[in-house]
Amino acid sequence: SLELSEEQAEKIATINLKYAKQIQEKREAMHKQEEKNREAMRAEHKKVRDAHNAELKTILTDLQYAKLEGMQEVRGERRHKRSGKRSKRGEKNDKG
């Protein structure tokens, strides 16, 4: 133990609280930035997928392209199902 005087303990508690608040604010700001980055990345991926599909459409017949869209939709549904089973960072899943 540091054997602090009452005055020292109060000052240290104030300092600790000050820095705890700063750390919390930084964490919140980082979280917001991560969300923005995730959204930007999703938008960029969509642009690439759309360009990819547009190029494929120039090669495939209408029937082939319709079949491809159906396959992509099924794949997306499976991906969505799997992502629903995963836990978000910091949360415990059923197993955990």
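What counts as what
- Residues numbered from 1 in each chain as written.
- Predicted model: local features only at pLDDT ≥ 70, side-chain atom pairs only at ≥ 80, totals over all residues.
- Heavy atoms only, no water.
- Helix = DSSP H or I, 4+ residues; strand = E, 2+ residues; numbered from the N terminus.
- Buried < 20%, exposed > 50% of the residue type's maximum accessible area, 1.4 Å probe, protein only.
- Areas by Shrake-Rupley, 256 points an atom, 1.4 Å probe, with all protein chains shown as cover.
- Salt bridge = Lys/Arg side-chain N within 4 Å of Asp/Glu carboxyl O.
- Patch = residues over 30% accessible without salt bridge, like charges linked within 9 Å, V, L, I, M, F, W, Y side chains within 5 Å.
- Lys, Arg positive; Asp, Glu negative; His and termini not counted.
- Charge placed at Lys NZ, Arg CZ, Asp CG, Glu CD.
- Contact = heavy atoms within 4.5 Å.

What follows concerns the overall build of the protein. Summing up its helical and strand segments, the protein has two helices and zero strands in all. Per-residue burial over the protein gives 3% buried out of 96 residues. For the protein, the accessible surface area stands at approximately 9,600 Å², while carbon and sulfur atoms represent 54% of it.

As a further point, take the pattern of salt bridges. This structure, assessed with the given rule, holds five salt bridges. The shortest N-O distance in the salt bridge between Glu7 and Lys11 comes to 3.1 Å. Residue Glu7 and its partner Lys11 are both found in helix α1 (residues 6-59); the two are separated by four residues, about one turn of the helix. Accessibility expressed as a relative area gives 52% for Glu7, which makes it exposed. The closest approach of N and O atoms between Lys46 and Asp50, which form a salt bridge, is 2.8 Å. Of the two residues, Lys46 and Asp50 both sit in helix α1, four residues apart, roughly one turn of that helix. Judged by relative accessible area, which is 44%, Lys46 ranks as partly exposed. Residue classification places Asp50 among the partly exposed positions, given a relative accessible area of 40%. Three or more residues are tied together by salt bridges with common partners; here these are Glu34, Glu35 and Arg38.

A surface patch of nonpolar side chains, amounting to about 280 Å² of accessible area, comprises Leu2, Leu4 and Ile12. Tracing the backbone shows Ile12 in helix α1.

A cluster of basic residues, Arg49, Arg75, Arg78, Arg79 and Arg82, forms a positive patch at the surface. Per-element accounting of the positive patch gives the leading share, four residues, to helix α2 (residues 62-85). Structurally, the position occupied by Arg49 is in helix α1.

In this section: unusual backbone geometry. Negative phi characterises most residues that are not glycine, and trans characterises most peptide bonds. The phi angle at Glu3 is positive, at roughly 50°, despite the residue not being glycine. Mapping Glu3 onto the fold places it in the segment before α1. A residue is classified by how much of its surface remains accessible, and Glu3, at 71% relative accessible area, is exposed.

Our next topic: the side chain of Asn53. Mapped onto the fold, Asn53 is located in helix α1. With residues up to four places along the chain from it excluded, the contact list for Asn53 reads Tyr65 and Gln72.

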